[in-house]
Amino acid sequence: MPVILVANPKGGVGKSTLATNIAGYLVWQGHAVALGDADVQQSSRQWLAQRPTQLPPIRPLDIDDKQVARVPKGVSHVVLDTPAGLHGKRLERLHRLADHILVPLQPSLFDMQACHAFVLRLTELGEAQGHRPRLGLLGMRVRQGTLSQQQLQQFRQRLDGSVGGGLDWLGELRDTQHYVQLAARGLSLWDISPGQVEKDLQQWQALTQWLKP
């Protein structure tokens, strides 16, 4: 059963946006999906509560005090949304559960610095645990042709050199209100007409391929 962990030590980088849209993609692929939320803000849980009943169902996933998910029967795929400041034992437990770890990254100096340290820590955990989930990075709220986009691409190159491979760069998602508007209605990109979000779906192609076995 694939477990996709969306994680970054910084808050406000788009973890819940990614987690809910990944769940939406997987359920429309015919999978039985559970969405867990380890964040005290419970953004993904609130999104589930808003999800229209006529859409393919996504199961809520309870996470106990030790951050261990109790998976409902019949679930084939699990997506886990995580809090800011994830570290220590909580990070170690969730790392052991994960088959894929997706790190969203905004093109800002502070975010890139935090991401660099976090990715190095994930690499260390993989070596210590003998368990190496697929590790991917995705640029969030990126504006094309800007200096910040160039800086993000330069950071990617430096990070690749630091970890020595094993890191998948999955592209960039643009800065758009589509995600905000869909989230407020409990929807993902895959719950509406493709023509309304064509550019966004194109930007998800590398990520959806990465999620496949």
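Since this is a predicted model, take the numbers as computed values, not measurements.

## Remarks on the pattern of salt bridges
Working step 1: Tallying each qualifying case throughout the model produces 9 salt bridges.
Working step 2: The salt bridge partner of Asp111 is Lys10, with a shortest N-O separation of 3.8 Å. Of this pair, Asp111 sits in helix α4 (residues 109-129) while Lys10 sits in the loop between β1 (3-6) and α1 (15-28), and the two are 101 residues apart along the sequence.
Working step 3: Asp111 gets classed as buried once you look at its relative accessible area, which sits at 6%.

## Overview of the pairing of strand β7 (residues 134-142)
Working step 1: Counting buried residues in β7 gives 7 out of 9 residues, a clear majority hidden from the surface.
Working step 2: With 6 bridges connecting them, strand β6 (residues 100-105) and β7 associate as parallel partners. Pairing of Val103 across the sheet is with Leu137, part of β7.
Working step 3: Remark: the β6/α4/β7 crossover connection has right-handed handedness.

## Some details on helix α2 (residues 43-50)
Working step 1: For α2, every residue scored as buried is listed here: Ser44, Trp47 and Leu48. Down the axis of α2, the buried side of the element spans an arc of 100 degrees, and every buried residue falls inside it.
Working step 2: Buried residues belonging to α2 abut α1, β2 (33-37), β3 (59-63), β5 (77-81) and α6 (178-183).

## A few points about the packing of aromatic side chains
Working step 1: Applying the stated criterion across every chain yields a total of 2 aromatic pairs.
Working step 2: Judged by centre distance (5.1 Å) and plane angle (85 degrees), the rings of Trp190 and Trp204 are edge-to-face. Pair noted here: Trp190 is in the loop between α6 and α7 (198-203) and Trp204 is in the loop between α7 and α8 (205-211), with a separation of 14 residues, a long-range link. With respect to class, Trp190 is no different from Trp204; both count as buried.
Working step 3: Chaining the aromatic ring pairs together yields one cluster made of Tyr25, Trp190 and Trp204.

Conventions adopted
- Residues numbered from 1 in each chain as written.
- Predicted model: local features only at pLDDT ≥ 70, side-chain atom pairs only at ≥ 80, totals over all residues.
- Heavy atoms only, no water.
- Salt bridge = Lys/Arg side-chain N within 4 Å of Asp/Glu carboxyl O.
- Helix = DSSP H or I, 4+ residues; strand = E, 2+ residues; numbered from the N terminus.
- Buried < 20%, exposed > 50% of the residue type's maximum accessible area, 1.4 Å probe, protein only.
- Pairing = 2+ DSSP bridges.
- Right-handed = clockwise from strand over helix to strand, strands pointing away.
- Arc of directions from axis to C-beta.
- Contact = heavy atoms within 4.5 Å.
- Phe/Tyr/Trp six-rings, centres within 6.5 Å; stacked < 30°, edge-to-face > 60°.

In short, geometric facts, not functional conclusions.
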